[in-house]
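Examining the three-dimensional arrangement
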Amino acid sequence: MTLRHVLVVVATAALAACGGSGQDVSFDWQRADIYYSYPYDGQVAVSPRTPVVVRFSRPISVDASNFTLYQCAPGAERCDDSNSVDTVALANPQSVDGGKSIVLNTASGLLETSTTYSLVLNDIETDKGSPDFPNGSLSFRTRLADGGALDKQVLSQDLAVEAVTPDGSTLPFVDFSTIQVRFNQNLKADSLTYGDTDNGASVELESANGETVPATLLVQGSAAVIDPKGDLQPGTGYTLKLTGAVRGINDDALSGGYQQQWVARDTTPRATLVQQAAPADSCTNPSAGSTSMLTGQAVNCVPVIAKLLGDTTVSRQSGDVYAQLAFAPHYPDVTPLRIPKGSLLKGDPLAVLVGGHVDAGFDSGEVTVTFLSDATGYLLPNPYSDDPNAPKQLHLTIDVAFDTKDPRANGAFNQNLLQVELVGTAITDTEKGSLVVDAIGVVEPKVLGAETAYGVLSFHMESYPDQQSAPMQPEDQTSPSLTAWMPGDQSDKMRPGDPVILNFSEPLANDSVVPGDTLRLTDGGVDVASPTWPATRPCRRRWTSPCPTTPATTKPSSPPPTRASPVPSTRAAGISATATTASAGVASPMMIICR
């Protein structure tokens, strides 16, 4: 038996409760308990389209009267009938997995943004007692609005850091940690720049010797992600520094800046557990084996529900996930884990329906989900039950890019999503010898930049029983390539000031796109820093961009693509050119060049 195999056996045994076969948790529970919920108690930045899922230790029979969802006053962390501002009408509860899981949705299908809600259970009785939440309710807060009125995009007029993960206490800071920062306002993404804060950068992870840790900075909405490019040094101190140059959507400055310090803990020797995310047999009519025990929906399917596309657009995903686990004996209660940057899931094509009804005549082609950063998470003690049999909870935060093979669908689907939280359970199937993970997350992609779609993800993964024979993690040796660009063949229709949009075959490392270096604007073969538009003749602008490496691997070099675009000139004013990704500060398969 190899050391790798020994580590995997030790990790699997230490991390999860033991269950029966398949998705069943066949324990001799001492009492009726809640042992899982989505969202988890205290979760923030929750989608206003979220379902509320509660899983019990035994089947229960309930109706709408057994649940009350309260809307809390601004600033409140929890509420009940004595201090709530409203009661939210709920649709009839959906019973899943023989009554062990209950899925709740609002009657309108939509919650308010930037609002705290508390779910209270009413008079649920079983022969083993009355299950309830430890704090008397399940409370969570929805995300900020992603557009519209500015006052809906802020929680407070004074920009502040709301939360940093890991906190270093409940969630340990380790040598492979990715730092997730959440602000109380949506951000001006271009105000966050990574580097030495003593030399003008606004974000830095600094080691104890004063050196800047090489890292990738990702920004979207109210979220910022600092992903170190290599492992940190165990036993070394690190400081996260944010300066007052960081600004919110209202141009509010981060007054006084922000700092947080940690000492990185050692996670070695690590075990790599290969998990298989198998495709469902059907996303629309799944068999029992392809149905989530948590939601009752098909597992490993990514729905994209929007008025522009309809409610039947869904992609069946599959792939192997290589989870690196910290040495479990050193982390018996809260165990860190990582899924490396560059990991891939691939899925079936998405239907493209104009207005949700008219077939566009093509589909998206294969859908690829790429991890933009190291996805870090934790296996945690069960927060709802002190029963020794209660399964561990999985909290995993992922930053992903969606990409479609057919470039005609890029405008509808290609984009990045940051800080998507997956919340699940980890159970050891003693018959199969597998660690079984079931989790829920909600994604909210933009469709054509005009509508926020949503999809509830029901993930199901099982580790290979024989880890020694599990597939090895593949190495990506294919360089990114330019798959489509705008204006393309329609350059005669381009107007001065229109952006040039480049679509690549995979996400680019955002720090490899350097205007004037890896991305150049030329006029007749001569580099132009701030091009001037002649008033008397059409001008030709040429953007060139070598293929940068993707976040995970170094790719073989390839000739830089060039695209020429004659643009009718209608003004003589000087302009400057800037390059941004589809979501500022984020590695993306789509680049928008604004002039």
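Everything discussed here concerns the structure shown above.
Quick look at the structure, then. Predicted model only: the values in this text are computed from it and were never measured. (Residues numbered from 1 in each chain as written. Predicted model: local features only at pLDDT ≥ 70, side-chain atom pairs only at ≥ 80, totals over all residues. Heavy atoms only, no water.)

1. Brief notes about unusual backbone geometry
Applied cut-off: Numbering of helices and strands runs from the N terminus; a helix is a DSSP stretch of H or I covering at least four residues, while a strand is a stretch of E covering at least two. In this scheme, a residue with accessible area under 20% of its type's maximum is buried, one over 50% is exposed, and one in between is partly exposed, where area comes from a 1.4 Å probe on protein chains only.
In this chain, Thr 165 is followed by Pro 166 through a cis amide linkage whose omega measures 5°. Cis geometry marks the peptide bond from Thr 268 to Pro 269; its omega dihedral reads -5°. Secondary-structure assignment places Pro 269 in the loop between β17 (258-263) and β18 (271-277). Phi angles above zero are rare outside glycine, and Ala 45 is one such case at about 60°. Considering the arrangement of structural elements, one finds Ala 45 in strand β3 (residues 43-46). On the accessibility criterion, Ala 45 (28% relative accessible area) is partly exposed. Not every positive phi belongs to a glycine, and Asn 300 is a case in point at roughly 55°. Following the sequence through the fold, Asn 300 ends up in the loop between β18 and β19 (301-303).

2. Details of the sheet that holds strand β12 (residues 179-183)
The condition that has to hold: Whether two strands pair depends on DSSP finding at least two bridges between them. For every element, the axis is a line fit to its C-alpha atoms; helices are fit only across the contacting stretch, and the angle between N-to-C directions ranges from 0 to 180 degrees.
Across the sheet, which stays open at both edges, the 4 strands sit in the order β11-β12-β15-β14 with antiparallel pairing between neighbours. The strands lining the two open edges of the sheet, one partner per strand, are β11 (161-165) and β14 (215-220). Across the sheet, the mean angle separating the axes of adjacent strands is 15° when strand polarity is ignored. Of the pairings in the sheet, the one linking β14 to strand β15 (residues 223-228) comprises 6 bridges and is antiparallel in character. Across the sheet, residue Leu 218 finds its bridge partner in β15, namely Val 225.

3. As for the environment of Asp 227
Note the threshold: Any pair of residues with heavy atoms lying within 4.5 Å of one another is described as a contacting pair. Definition of a polar contact: a pair of N or O atoms within 3.5 Å, with one able to donate and the other able to accept a hydrogen when the atoms are protein atoms, and with sequence-neighbouring residues admitted only if both atoms are side-chain atoms.
Structurally, Asp 227 can be placed in strand β15. Owing to a relative accessible area of 1%, Asp 227 belongs among the buried residues under this scheme. For the pair Asp 227 and Val 213, spaced 14 residues apart in sequence, the C-alpha separation works out to 9.7 Å. Setting aside chain neighbours within four positions, we find Asp 227 in contact with Thr 178, Ala 215, Thr 216, Lys 341, Leu 372, Ser 373 and Asp 374. A polar side-chain atom of Asp 227 sits 3.3 Å from the main-chain amide nitrogen of Asp 374.

4. Section: the environment of Tyr 322
Position of Tyr 322 among the secondary structure elements: in strand β20 (residues 314-325). The buried category is assigned to Tyr 322, whose relative accessible area is 7%. Other than its neighbours up to four places away in sequence, Tyr 322 contacts Thr 272, Leu 273, Val 274, Arg 338, Ile 339, Pro 340, Pro 471, Met 472, Gln 473 and Pro 474. Polar side-chain contacts of Tyr 322 include one of 3.0 Å to the backbone oxygen of Met 472.

5. A closer look at empty space enclosed by the protein
Which entries qualify depends on this criterion: In this analysis a 1.4 Å probe is tested at points of a 1 Å grid over the protein atoms alone, and where it fits but cannot get out there is a cavity; an open set with protein on both sides within 12 Å along at least five of seven lines is a pocket; lining residues have an atom within 4 Å of a point. Grid points are joined across faces, edges and corners, and a volume is the space filled by probe spheres set on the points. Only Asp, Glu, Lys and Arg are considered charged in this grouping, and only Ala, Val, Leu, Ile, Met, Phe, Trp, Tyr, Cys and Pro are considered nonpolar; every other residue, Gly among them, is considered polar.
Within the structure shown, the criterion is met by 8 cavities of 30 Å³ or more. Put simply, the largest cavity is a space of about 180 Å³. Lining the largest cavity are 17 residues; nearest its centre among them are Leu 345, Phe 371, Ile 398, Leu 422 and Phe 459. Listing elements by their share of the lining of the largest cavity, those giving two or more residues are β20, β25 (367-371), β27 (392-404), β28 (415-429) and β32 (455-463). Of the residues forming the lining of the largest cavity, the biggest block, 4 residues, is contributed by β27. Considered class by class, the residues forming the lining of the largest cavity number 16 nonpolar, 1 polar and no charged. There is about 140 Å³ of room inside the second largest cavity. Elements that contribute at least two residues to the lining of the second largest cavity include exactly β18, β20, β21 (335-339), β27 and β29 (434-443).

6. What about the state of the cysteines?
What counts, and what does not: Note on disulfides: each one is a pair of cysteine sulfur atoms within 2.5 Å.
Per the counting criterion, the structure on display carries 2 disulfides. Residue Cys 72 pairs covalently with Cys 79 via a disulfide, S to S 2.1 Å. Handedness here is read from the sign of the S-S torsion; for Cys 72 and Cys 79, about -80°, the answer is left-handed. Here Cys 72 falls in the buried class, since its relative accessible area comes to 3%. Among the residues examined, Cys 79 registers a relative accessible area of 5% and is labelled buried. Two residues, Cys 283 and Cys 301, share a disulfide whose sulfurs are 2.0 Å apart. One quick way to see it: the torsion about the S-S bond of Cys 283 and Cys 301 is about -85°, and its sign makes the bridge left-handed. Taken together, the residues span a long stretch of sequence, with Cys 283 in the loop between β18 and β19 and Cys 301 in strand β19 at a distance of 18 residues.

7. Some details on the pairing of β32
Along β32, 8 of the 9 residues are buried, which leaves the element largely enclosed by surrounding structure. For β18 and β32, the ladder comprises 2 bridges, and the chain directions are antiparallel. In the sheet register, Gln 276 faces β32, and the bridge partner there is Glu 462.

8. Observations concerning the pattern of salt bridges
Operational definition: Salt bridges are defined by distance alone: a side-chain nitrogen of Lys or Arg within 4 Å of a carboxyl oxygen of Asp or Glu.
The full count for this structure, using the stated rule, is 15 salt bridges. As a salt-bridge pair, Arg 143 and Glu 444 come within 2.5 Å of each other at their nearest N and O atoms. Highlighted residues: Arg 143 in the loop between β10 (138-142) and β11 and Glu 444 in the loop between β29 and β30 (446-447), separated in sequence by 301 residues. Glu 444 carries the same exposure label as Arg 143, and that label is buried. Taking the shortest distance from any N to any O, the salt bridge between Lys 446 and Asp 146 comes out at 3.9 Å. Taken as a pair, Lys 446 in strand β30 and Asp 146 in the loop between β10 and β11 lie far apart in primary sequence, 300 residues in all. Residue classification places Asp 146 among the partly exposed residues on the basis of a relative accessible area of 42%.

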